[in-house]
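Below are the chains, spelled out letter by letter.
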Amino acid sequence: MIDLKTFEVWFVTGSQHLYGEETLKLVAEHSQEIAKGLDASGKIPVRVVYKPTVKTTQEIYDTLLAANTTENVIGVITWMHTFSPAKMWIRGLAVLNKPLLHLHTQYNRDIPWNSIDMDFMNLNQSAHGDREFGFMVSRMRKNRKVVVGHWQAADVEEQIGNWSRAAAGWYDWQGGKFARFGDNMRFVAVTDGDKVEAELKFGFSVNTYGIGDLVALIDAVSDSDIKALLEEYIEKYTIAPDLLPGGERHSSVYEAARIEIALRKFLVDGGFKGFSDTFEDLHGMVQLPGLAVQRLLAEGYGFAGEGDWKTAALVRAFKVMGSGLEGGNGFMEDYTYHFDPNNELVLGSHMLEIDESLASTKPSLEVHPLGIGGKADPARLVFNVAGGAALNASIIDVGNRFRMIVNEVEAVEPQNELPNLPVARVLWKPLPDMKTGCAGWIYAGGAHHTAYSQNLSAETIQDFTEMAGIEFIKIGKGSTIDSIKNELRWNDIAFK
Ligand code: MN
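The shown structure was predicted, so the numbers you read here are calculated from the model rather than taken from an experiment. (Residues numbered from 1 in each chain as written. Predicted model: local features only at pLDDT ≥ 70, side-chain atom pairs only at ≥ 80, totals over all residues. Heavy atoms only, no water.)

Caption draft 1: Broad picture of the coordination of the manganese ion. Looking at the manganese ion, the protein donor atoms are E306 (OE), E333 (OE), H350 (NE2) and H449 (NE2), and they sit 2.1 to 2.7 Å from it. Of note, the donors binding the manganese ion are all from one chain and are spaced E-x26-E-x16-H-x98-H. You can see E306 sitting in the loop between β10 (302-304) and α12 (309-321) and its partner H350 sitting in the loop between β12 (345-349) and β13 (364-367), a full 44 residues away along the chain. In terms of burial, E306 and H350 fall into one category: buried. (Donors = N, O, S within 2.8 Å, 3.2 Å for Na, K, Ca; no water. Helix = DSSP H or I, 4+ residues; strand = E, 2+ residues; numbered from the N terminus. Buried < 20%, exposed > 50% of the residue type's maximum accessible area, 1.4 Å probe, protein only.)

This is the structure in structure tokens:
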């Protein structure tokens, strides 16, 4: 998985020449200390790199331009220790094309009541210096994240950390390549969309490949490679005896391993970050890729079924954003409901492809018939998913824009064995409640496919949508149908 420590955010402090060398020296010392403190924070997964104080229009422009063009720089944090007249920022902000976080902090936490004098006031004036800067960013209508509080406070570090996770996902999308085997599932609407607009807006490309390209690789996989991979399966998963080498149904698992090796080779050779396939286009394949998809998802690739390239890309972004955190991020589908008035639940799953990053139990490798696609019985991993706070997210194309919809949910531990449902599955309660959660989602046009996250907050997803400049609808605690409907109406005007 991606090591987020390979990414940098630059810490840029604004000032001016008005105050003299002595003050600027202190500004630089304090800024270095803050940058170092943030860099060392366990809550911030990326590097925080100090940049020399910017004091002129040219210095600001040069620094922000360099942030644009420097590899692995995923965003910029700005802070005005002193006053930095914001007309100086126009030129730099106009060209900055990486995510911006405005940290509204100050070096000292407390006012030194007994010693405070006018020198202190002149040095520690972010309370108004940051307002001058904030005005210009608002005046220029630039999206950014404003984080308020002392830089050593845990919640401030956490907000910066979560924003940097969103920025890492955003950076990963830029120039990212996603492969589609076949088109979208026939006649399906919500998984389709404008791929040209997506590339303009999101920075990733989606292109199609014939399933025959994959079949050629499948046919070329060697017996020894398959055997080596089978040993890994046996070590990692619970497997019934008749699926083991020599067993009566072993050929299904053998074939699944062959598909996995070929699919990984296809993705690695092509430099892809994710893919989608469709059961309507499997010519030349023996079984629908289930196990292979699950394992590639667990490695960090994005995936969604039935040609759903938007969800595949979103799952990839979530995997990058959640890297290193407890819990996982995966592909999900709202499948069926439990309408018991005392315990309303959604059962989420997919035909085969929920990945083990979400697993709370040791996965069991099983082979069962699949009543769809008309192929041989596919191998898949079966497991339960842990309870706890989680969310579902969906990107849809509403014609003139993309909309991200997030529904916060409370996942619950499975209360029943499901002996006849041999797929990975999860149970959750939508927030604020079943009726509002489901109706709100449907009013907003959310898809049946989602990216499901156990470790990202709605705020982090919102940060991500601000980077993309797309609409964001959150359905969670406190949401009402009236508020959701109004927000949707107003957004139609806001995005006109
Ligand atoms: Mn589906």
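Caption draft 2: The arrangement of the sheet that holds strand β4 (residues 100-104) in detail. Taken together, the five strands give an open sheet; going across it, the order is β2-β1-β3-β4-β5, and neighbouring strands pair in parallel fashion. Both edges of this open sheet fall to β2 (47-54) and β5 (145-148), since each of them pairs with a single strand only. Averaged over all pairs of adjacent strands, the angle between strand axes in this sheet comes to 25 degrees, irrespective of strand direction. As defined by bridge partners, strand β3 (residues 73-79) adjoins β4 across three bridges and the pair is classed as parallel. Across the sheet, the residue bridging to I77 is L101, located in β4. Here helix α1 (residues 21-40) sits on the sheet and contacts β1 (8-14), β2, β3 and β4; the angle it forms with β2, its principal contact strand, is near 170 degrees. (Pairing = 2+ DSSP bridges. Axes fitted to C-alpha atoms, helices over the stretch in contact; angles between N-to-C directions. Contact = heavy atoms within 4.5 Å.)

Caption draft 3: Representation of the nonpolar core in the model. Among the nonpolar cores identified, the biggest contains 115 residues, and W173, F202, Y233 and M404 are the most heavily contacted of them. Residue contributions to this core peak at ten residues, all from helix α10 (residues 250-270). Among residues more than four places away in sequence, those in contact with Y233 are I239, V253, A256, A257, E260, L291, R295 and L365. Within the second largest apolar cluster, 19 residues are counted, among which are A67, V76, A86 and L96. (Core = buried A, V, L, I, M, F, W, Y, C linked by side-chain atoms within 4.5 Å.)

Caption draft 4: Examining the packing of aromatic side chains more closely. With the rule as written, the count across this model stands at 21 aromatic pairs. Where W89 meets F133, the ring centres are 4.9 Å apart and the plane angle is 75 degrees; that geometry is what we call edge-to-face. Taken as a pair, W89 in the loop between β3 and α3 (90-95) and F133 in helix α5 (residues 126-139) lie far apart in primary sequence, 44 residues in all. Across the pair, exposure class does not vary: W89 and F133 are buried alike. With a centroid separation of 5.1 Å and 55 degrees between ring planes, the pair formed by F275 and F303 is classed as tilted. One end of the pair, F275, is in strand β9 (residues 274-276); the other, F303, is in strand β10, and 28 residues separate them in sequence. Judged by relative accessible area, F275 falls into the buried class, the value being 1%. For F303, a relative accessible area of 0% corresponds to the buried category. (Phe/Tyr/Trp six-rings, centres within 6.5 Å; stacked < 30°, edge-to-face > 60°.)

Caption draft 5: Region of interest: helix α8 (residues 211-219). Taken together, the buried positions of α8 are I211, L214, V215 and I218. For α8, the angular spread of the buried residues around the axis is 100 degrees, confining them to a single face. Next to the buried residues of α8 lie β6 (177-181), β7 (205-209) and α10. (Arc of directions from axis to C-beta.)

Caption draft 6: Layout of a negative patch on the surface. Taken together, the side chains of E21, E22, E29 and E33 present a region of like negative charge at the surface. The exposed category is assigned to E22, whose relative accessible area is 57%. (Patch = residues over 30% accessible without salt bridge, like charges linked within 9 Å, V, L, I, M, F, W, Y side chains within 5 Å. Areas by Shrake-Rupley, 256 points an atom, 1.4 Å probe, with all protein chains shown as cover. Salt bridge = Lys/Arg side-chain N within 4 Å of Asp/Glu carboxyl O. Lys, Arg positive; Asp, Glu negative; His and termini not counted. Charge placed at Lys NZ, Arg CZ, Asp CG, Glu CD.)

Caption draft 7: Expanded view of the sheet that holds β6. Across the sheet, which stays open at both edges, the four strands sit in the order β7-β6-β9-β10 with parallel pairing between neighbours. Looking at strand neighbours, the two that pair on one side only are β7 and β10, the edges of this open sheet. The average undirected angle you get between the axes of adjacent strands in this sheet is 20 degrees. Direction of pairing for β6 relative to β7: parallel, over a ladder of five bridges.

Geometry only, nothing functional implied.
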